[in-house]
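Residues per chain, in single letters:
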Amino acid sequence: MNDQPFSALQSGGPQPGGAAPESGSNSTSGRNAPRIPETLSILPIRGFVAFPGTVVPLTVSRPSSIKLLDETLPLTKVIGLLKQRDEDEEEPTPDHLHTVGTAVSVLKLMRQPDDRVVILVQGLRRFSVRKIVQTSEYLRAEVDFPESISPPPGNEWQAEVNNLRESAATLIERTPDLPDEAGNVVRELKEAGQLTDFLAPNLDISLAQKQALLEEFDVRKRVRAVQTSVSSQLEISNIQQRLNQEVQSQFTDAQRKAYLRGQIKAIQRELGENDTGADEQIAALRTRLEEAKPPADVFAQAERELKRLDIIPAASPEYSVIVGYVETIASLPWSTLSEDNLDLDKAQEILDRDHYDLEKIKRRLIEYLAVRKLNPTGQGPILCLLGPPGVGKTSLGQSIADALGRKFSRMSLGGIRDEAEIRGHRRTYIGAMPGRIIQELRRVGTRNPVLMLDEIDKIGADFRGDPASALLEVLDPRQNNAFVDRYLDVPFDLSQIIFIATANFLEGIPGPLYDRMEVLSLAGYTEREKLEIARKYLLKRQLQENGLRPEQCEWTEEALRQVVTDYTHEAGVRELERQIGAVCRGVAARVARGKTEHVSVTPALVTETLGPVRYVREQRLTTNTPGVVTGLAYTPTGGEILHIEATRYPGKGNVTLTGQIGEVMKESVQAALSLVRSRDGAIGATAEDFRESDIHVHVPAGAVPKDGPSAGVAMFTALASLFSNTPVRSDVAMTGEVTLRGLVLPIGGLKEKSLAAMRAGITTVLFPKLNEKDLVDVPNEAKEKIHFIPVANVDEVLANALDRSGVAPPPAVV
């Protein structure tokens, strides 16, 4: 039986002079006190601590404990009570019990219909276990009876005891459920040990603290410990008394206001303006608002609006505006948070389950989880997944939410031009509503979701404002803890949200917005990676979506490879999944018609279903030709190779540029030509060659716009090869920006360009020396097939790119 505050006082506790004081080596004083044997049968108890002098009922249900009573009570009425260390242990051993307990006398035994036994016991004195002598069926132990240590009489000691007695009496007076005699009992107990043993079981303290009091044989320390607990409860009682008085005064004020409201409603009834439905709506709104638990300032704002509803007729247009506003506040997750899954291994398993490779992204997310585990109050990261379409940026957001155990929400920002989409509309406008961020939080119902800002590089701007500028506050960890939506006009904490933005182009993200995000690049997949993704993810999903079982449609690796190489031309896998789905639908049609139960998808079946090959990839040149160079480019769909062609014919030094090249690329051609002319002697040309020749530079695939400075090295090499009449090696591709001093400057997209070179069969890639740090991002498959040569200037480019076999060296320049 769990002891309740002062329960012993209400259930026949000891009266003055009736408590058994601890005295003697093995017995208690008193005329009717039973003799305490030195070997006791031990009854394990849980949920309470028995003290000497107290009378408590016990419910005994364990078979071993009932057997103990049946065999011990005919011999002696005294047994020992020891509290269990572990409350949940059903079969306690000596190791599961404390070593200090209370010897008790069994006053009464009552058997219940459900085979349980109820006994009434009175505590006699403390004992400590010397030796366990029996463990079978039930426990028996040899015990000692240590004497309590009382301080010598004195004024200070008497003052301590009197202070405890008066404090306890005051606390009893303030406890309304206790009998009147309780205070008298406390005042008449003269022995300090009896007083502490009488108060200890009824104090509002933990079982561990009560056990510590039982094990304390120093009476002075016991008195001081009980005094501390009684003083603490007195302080709590004082606070409760003060709060009750405040509540009563507020209740009286509330009654007055309720009376006045009643008078107002009576007047409205007389005027025909009474609306019972409006009263119920206001009451429901107030209840919802209290359940939402917004911050105090927000609650006060909403309460002001509710008070306005009391005096505004329901037919007023402003009435519906206020109702909508309060409903919005009440429906927001002000205090609702999803619990993070901080199991790093489980999170890694979920990320690996949903996405192939992407090790850098996964590592960054696991790092966030680790930081979250060590610092739960930290702010959420703001990540930007940058990469071409179809590489899994959007689906990665859902996987991140699953790994964290959070809700997921996605906002598409592509094409939005109104700043109010982010900040919301002011309530002065008809049809005003909160911004999309607040709307998404209301929809997911939690304050810390994973919120994906999709296509952040495609935000527009016009006379209605700049949404990208509005996002600056949202994505600033030091500001978004008090984001103010114009509709709400109260701060809302966004700092617990994990924002994940996605973008295809870095150039489309404004500088200040880019500065607030941590950019993680997702490059295109290699052919091998696409095959693995198709096998592990896409194929299973398409079989399920088309109602096919794996044994009904088996794909050969050659068929998957053919779809990848001949029917898709992308950095991601979106088109690849569509083509796999098209073949699966064809197989599903055969199975549904009953023509077959099993189809093996081969390259022939792929061609039959998808038709002729759709994409012929640019391949490396088959011959070494002067003036023709293989360059490398980075496009939204990944890397590509470019065949830059230069030719000359008699003329007056004019330059023609074709191939729909942009302004930056045109400037690269001019810089390359100036650099070639400045080194005419070194490459074997003369000034007359440039004055008497017109030059035509063409970049094939003229329907595709091209721009950027990274083709400068290729332009220079094409012109140098043309005027020196030296062919360029067909197995070499190059990238890099060139300066008029002949230096090769760094470029971006080295990984994507390397993958394009590998697909085209290129064996050597010349790249800027300053980009050597980016080689770590290039897949090992590309490093195995391609020889990467870093170059610092154009001399090194020509040394590795030109095929001088059979060509006489140019004359030395004096």
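Keep in mind it's a predicted model, so treat the numbers as computed, not measured.

Right, let's talk about the overall build of the chain for a bit. The number of helices and strands found in the chain is 28 helices and 24 strands. For a compact globule of 814 residues, the expected C-alpha radius of gyration is about 28 Å, and the chain comes in at 43 Å, more than 25% above that figure. In terms of overall dimensions, the chain has C-alpha extents of about 135 × 85 × 75 Å along its principal axes. Burial analysis of the chain (814 residues in total) assigns 48% to the buried set. Looking at the chain alone, contacts between residues at least 24 apart form 74% of all its contacts between residues at least 6 apart.

Moving on, we get to the sheet that holds strand E13 (residues 518-521). Across the sheet, five strands lie side by side as E8-E9-E12-E7-E13; this open sheet has parallel pairing. Each of the sheet's edge strands pairs with one partner strand only, and the pair in question is strand E8 (408-412) and E13. Each strand of the sheet is rotated relative to its neighbour by a mean of 25 degrees, with strand direction disregarded. As paired strands, strand E7 (residues 382-386) and E13 are joined by four bridges and run parallel to one another. Within E13, the position partnered with Leu385 by the bridge is Leu520. Lying over the sheet, helix H15 (residues 436-444) contacts E8 and strand E9 (450-454), oriented at roughly 155 degrees with respect to E8.

Right, let's talk about the pattern of salt bridges for a bit. Across all of its chains, the model carries 46 salt bridges by this definition. A salt bridge links Arg130 to Asp144; the shortest N-O distance between them is 2.9 Å. Here Asp144 lies in strand E6 (residues 139-144) and Arg130 lies in strand E5 (residues 117-134), a separation of 14 residues in the sequence. A relative accessible area of 31% places Asp144 in the partly exposed class. Between Arg549 and Glu551 there is a salt bridge, with the nearest N and O atoms lying 2.8 Å from each other. A relative accessible area of 44% means that Arg549 is categorised as partly exposed. Among the residues examined, Glu551 registers a relative accessible area of 43% and is labelled partly exposed.

Turning our attention to the environment of Leu243. Within the secondary structure, Leu243 sits in helix H7 (residues 219-271). Placed 159 residues apart in sequence, Leu243 and Asp402 show a C-alpha to C-alpha distance of 45 Å.

Moving on, we get to the environment of Asp731. Residue position: Asp731 is located in the loop between helix H25 (712-724) and strand E20 (732-734). With relative accessibility at 17%, the residue Asp731 sits in the buried group. When the C-alpha positions of Asp731 and Gly183 are compared, they lie 103 Å apart, and in sequence the two are 548 residues distant. A distance of 3.2 Å separates the side chain of Asp731 from the side chain of Thr763, its partner in a polar contact.

Most of helix H16 (residues 467-474) is tucked away, with six of its eight residues classed as buried. Considering only its buried residues, H16 is in contact with helix H14 (420-423), H15, E9, strand E10 (483-484), strand E12 (498-503) and helix H17 (511-515). Capping of H16 at its N-terminal end is provided by Asp466; its side-chain oxygen lies 3.1 Å from the backbone amide nitrogen of Ala468.

If you check the backbone angles, Glu137 has positive phi at about 65 degrees while not being a glycine. Judged by relative accessible area, Glu137 falls into the partly exposed class, the value being 49%. In this structure, Glu455 is a non-glycine residue whose phi angle is positive, near 55 degrees. With respect to the helices and strands, Glu455 occurs in the loop between E9 and H16.

Viewed as axis vectors pointing N to C, helix H3 (residues 155-173) and helix H5 (residues 192-199) meet at an angle of 30 degrees, and their least axial separation amounts to 11 Å. For the element pair H3 / H5, the angle class is roughly parallel. In this structure, H3 crosses over H5, and the sense of that crossing is left-handed. Residues Trp157, Val161, Leu164, Arg165 and Ala168 of H3 touch H5, and the partners they reach there are Ala192, Leu195, Thr196 and Leu199. Tallied by class, the residues present in the contact of H3 with H5 amount to seven nonpolar, one polar and one charged.

To continue, consider the layout of surface pockets. Its boundaries defined by the atoms lining it, the second largest pocket holds a volume of some 530 Å³. Listing elements by their share of the lining of the second largest pocket, those giving two or more residues are helix H11 (344-354), helix H13 (393-404), helix H18 (527-545) and helix H20 (574-592). At four residues, H18 tops the list of elements feeding residues into the lining of the second largest pocket. Across the lining of the second largest pocket, the residue classes break down as nine nonpolar, six polar and nine charged.

Next up on the list: the pairing of strand E1 (residues 39-45). Among the seven residues in E1, six count as buried, and that is most of the element. Judged from the four bridges that link them, E1 and E6 form a sheet pairing that is antiparallel. By the bridge assignment for E6, Thr39 is matched with Glu142. In this sheet, strand E3 (residues 78-83) lies alongside E1 in parallel orientation, the contact comprising four bridges. Across the sheet, Pro44 pairs through a bridge with Leu82, a residue of E3.

It is worth spelling out helix H22 (residues 663-678) at this point. Its 16 residues place the ends of H22 23 Å apart at the C-alpha level, agreeing with the 22 Å of an ideal helix rising 1.5 Å per residue. All buried positions along H22 are accounted for by Met665, Ser668, Val669, Ala671, Ala672, Leu673, Leu675 and Val676.

We now examine the side chain of Lys83. Position of Lys83 among the secondary structure elements: in strand E3. Overall, the relative accessible area of 8% leaves Lys83 in the buried class. Within the structure, Lys83 has its side chain in polar contact with the side chain of Glu87 (distance 3.1 Å). Setting aside residues no more than four positions away along its own chain, Lys83 makes contact with Ile45, Phe48, Val49, His96, Leu97, His98, Leu207 and Gln211.

Bringing the nonpolar core into the picture now. Counting 55 residues, the largest nonpolar core has Trp555, Ile580 and Val601 as its most contacted members. Broken down by element, this core gets its largest block of residues, eight residues, from H20. Core analysis: the next-biggest nonpolar cluster, separate from the first, contains 50 residues, Tyr319, Tyr325, Ile329 and Leu451 among them.

Attention shifts here to the confidence of the model for the chain. Scored by pLDDT, the chain has a mean of 84; 90% of the residues are at 70 or more. Here residues 1-21 is modelled with pLDDT under 50, and outside its nearest four sequence neighbours on either side it reaches 51 contacts, counting other chains as well. A low-confidence stretch, residues 23-30 (pLDDT under 50), is modelled with 22 contacts involving residues beyond four sequence positions or located in other chains.

Moving on, we come to the pairing of E3. The buried fraction of E3 amounts to six of the six residues, a majority that puts the element mostly inside the structure. In E3, alternate side chains face the same way, and those of Val78, Gly80 and Leu82 on one face and Ile79, Leu81 and Lys83 on the other are all buried. Note that E3 and strand E4 (residues 100-111) share four bridges and pair antiparallel. From the neighbouring strand, Ile79 faces E4, where its bridge partner is Val104.

Taken N-terminus to C-terminus, the directions of H20 and helix H21 (residues 603-610) make an angle of 95 degrees; their axes are 10 Å apart at the nearest point. When the axis of H20 is compared with that of H21, the two are roughly perpendicular. Counting all contacts with H20, which are made through Gln579, Ala582, Val583, Val587 and Arg590, the residues of H21 involved are Leu605, Glu608, Thr609 and Leu610.

Let's shift gears to the side chain of Lys753. As for its position among the elements, Lys753 is in helix H26 (residues 750-760). It turns out Lys753 is buried and unbridged, and the closest side chain with the opposite charge, Glu752, is 8.1 Å from it. Sequence-distant contacts of Lys753, that is, excluding residues within four places in its chain, are made with Leu632, Ala633, Tyr634, Gly639, Ser710, Thr735, Ile747 and Gly748.

Conventions we followed
- Residues numbered from 1 in each chain as written.
- Predicted model: local features only at pLDDT ≥ 70, side-chain atom pairs only at ≥ 80, totals over all residues.
- Heavy atoms only, no water.
- Helix = DSSP H or I, 4+ residues; strand = E, 2+ residues; numbered from the N terminus.
- Rg over C-alpha atoms; globule rule 2.2 N^0.38 Å.
- Buried < 20%, exposed > 50% of the residue type's maximum accessible area, 1.4 Å probe, protein only.
- Contact = heavy atoms within 4.5 Å.
- Pairing = 2+ DSSP bridges.
- Axes fitted to C-alpha atoms, helices over the stretch in contact; angles between N-to-C directions.
- Salt bridge = Lys/Arg side-chain N within 4 Å of Asp/Glu carboxyl O.
- Polar contact = N/O pair within 3.5 Å; in protein donor to acceptor, adjacent residues only side chain to side chain.
- Parallel < 35°, antiparallel > 145°, perpendicular 65-115°, else oblique.
- Left-handed = near helix turned anticlockwise from the far one by under 90°.
- Nonpolar A, V, L, I, M, F, W, Y, C, P; charged D, E, K, R; others polar.
- 1 Å grid on protein atoms, 1.4 Å probe; cavity = no way out; pocket = protein on both sides within 12 Å on 5 of 7 lines; lining within 4 Å.
- Points joined across faces, edges and corners; volume = space filled by probe spheres on them.
- Expected span 1.5 Å × (residues − 1).
- Core = buried A, V, L, I, M, F, W, Y, C linked by side-chain atoms within 4.5 Å.
- pLDDT = per-residue confidence, 0-100.
- Lys, Arg positive; Asp, Glu negative; His and termini not counted.

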